[in-house]
Amino acid sequence: MEIITNIKQLQQKSISWIRQGKSIGFVPTMGYLHEGHEALMKAARQENDIVILSIFVNPLQFGESEDLNSYPRDEEHDRKVAEENEIDVIFFPSVDSMYPKPLSLELSVVRRADVLCGKSRPGHFDGVVTVLAKLFNMIHPTSVYFGMKDAQQIAVVDALIKDFNYPINLTTVPTVREKDGLAKSSRNVNLFDQERIGAPFIQQALQYGRQLVENGEKNQAELVKKIRQFLENKSHGNIDYIELLSYPELEPIELIDQQVILAAAVFYQKARLIDNVVFNEKGEKTLG
Ligand code: AMP
């Protein structure tokens, strides 16, 4: 396994692999790797000749009051996990090398970003697609791997690839969870004990919502109201949003008559957690 910090070096390596006809699987992350990230690495390892993992906490996708500085980091641990998963290259750029001066050009997401996390975190997805466009141009991946935990990110990356004609396959990987159902996240270490006890109720609330649809509930507003009531006292946090939208278009709907995403975000003292479930009009889980 090689650790590359230099952009030119990465670009040259990738180009030479492509010339040799090798497929490149790319797993973009912000590090502090856990089993969710490992699921992406394993999928990439199975399907490609070369696997590149990037670890970059991208300042462009954090708002001013967000947790950029307290975002957990552990280079040594990440190196070990990558090694165990037979990664060929960890790309570990510095902020200065990615953004040596303020960019003159940034991408802007004009659909699929005015709801859910895009609404709560203005500019977040602009930062995500801008860094991904840079990384895609450095790596030229055959396939990229993203987790369903960040379902809106997948919808936005799907748009980036299609709208800008990147010749890249997008592979989505189901959410990996703790035994009690909490979605694994690098941010879980920032939960206080009581918050950690309440956090699994996020997924329980979403599953409760899915079951209501299974039992015949069709009305979006009613459903969201019931889930809010369920979650309000149990989560030990403050609900940022609970939303039900069409998926992957992320359009508002009144009646549940197609594939939808039911998603929630909850603020804790030092972390904000998100989770979702995607299901059809019968309440049957369809993705993730
Ligand atoms: P992050 O390091 O949080 O930016 O995540 C990097 C990638 O890992 C994204 O595609 C995430 O969706 C994915 N990921 C994070 N947590 C999980 C999880 N619990 N299960 C599956 N994928 C995950």
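A quick note: this is a predicted structure, and the numbers were derived from the prediction, not measured. (Residues numbered from 1 in each chain as written. Predicted model: local features only at pLDDT ≥ 70, side-chain atom pairs only at ≥ 80, totals over all residues. Heavy atoms only, no water.)

(A) Representation of the environment of A113 in the model. For A113, the location among the structural elements is in the loop between helix 4 (95-98) and helix 5 (116-120). A C-alpha to C-alpha distance of 20 Å links A113 and Q220, two positions 107 residues apart in sequence. Excluding residues within four positions of it along the chain, A113 makes contact with G118, K119, F125 and Q152. (Helix = DSSP H or I, 4+ residues; strand = E, 2+ residues; numbered from the N terminus. Contact = heavy atoms within 4.5 Å.)

(B) Summary view of the packing of aromatic side chains. Scanning the entire structure with this criterion turns up five aromatic pairs. Centroid distance F56 to Y99: 6.1 Å. Interplanar angle 45 degrees. Geometry classified as tilted. Note that F56 is positioned in the loop between strand 3 (50-55) and helix 3 (75-84) and Y99 in the loop between helix 4 and helix 5, a separation of 43 residues in sequence. Just as F56 is buried, Y99 falls in that class too. When the ring of Y208 is compared with that of F230, the centres are 4.9 Å apart and the planes differ by 20 degrees; the resulting orientation is stacked. Residue Y208 is located in helix 9 (residues 201-214), and its partner F230 is located in helix 10 (residues 220-232); the two are separated by 22 residues in the primary sequence. The exposure class assigned to Y208 is partly exposed, which follows from its relative accessible area of 27%. Connected via pairs of aromatic rings, a cluster forms that spans F26, F136 and Y166. (Phe/Tyr/Trp six-rings, centres within 6.5 Å; stacked < 30°, edge-to-face > 60°. Buried < 20%, exposed > 50% of the residue type's maximum accessible area, 1.4 Å probe, protein only.)

(C) The site of the ligand, seen in detail. Near the ligand there are 17 residues, and of these M30, H37, D150, V176 and K184 occur at the shortest range. Within the contact set of the ligand, a nitrogen atom lies 2.8 Å away from a backbone nitrogen or oxygen of V176. The protein chains hide 94% of the 480 Å² of surface that the ligand would expose on its own. Residue assignment for the shell around the ligand shows that the elements contributing at least two residues are strand 2 (24-29), helix 2 (35-47) and strand 5 (143-147). Of all the elements, helix 2 adds the most residues to the shell around the ligand, at three residues. (Near = heavy atom within 4 Å. Polar contact = N/O pair within 3.5 Å; in protein donor to acceptor, adjacent residues only side chain to side chain. Areas by Shrake-Rupley, 256 points an atom, 1.4 Å probe, with all protein chains shown as cover.)

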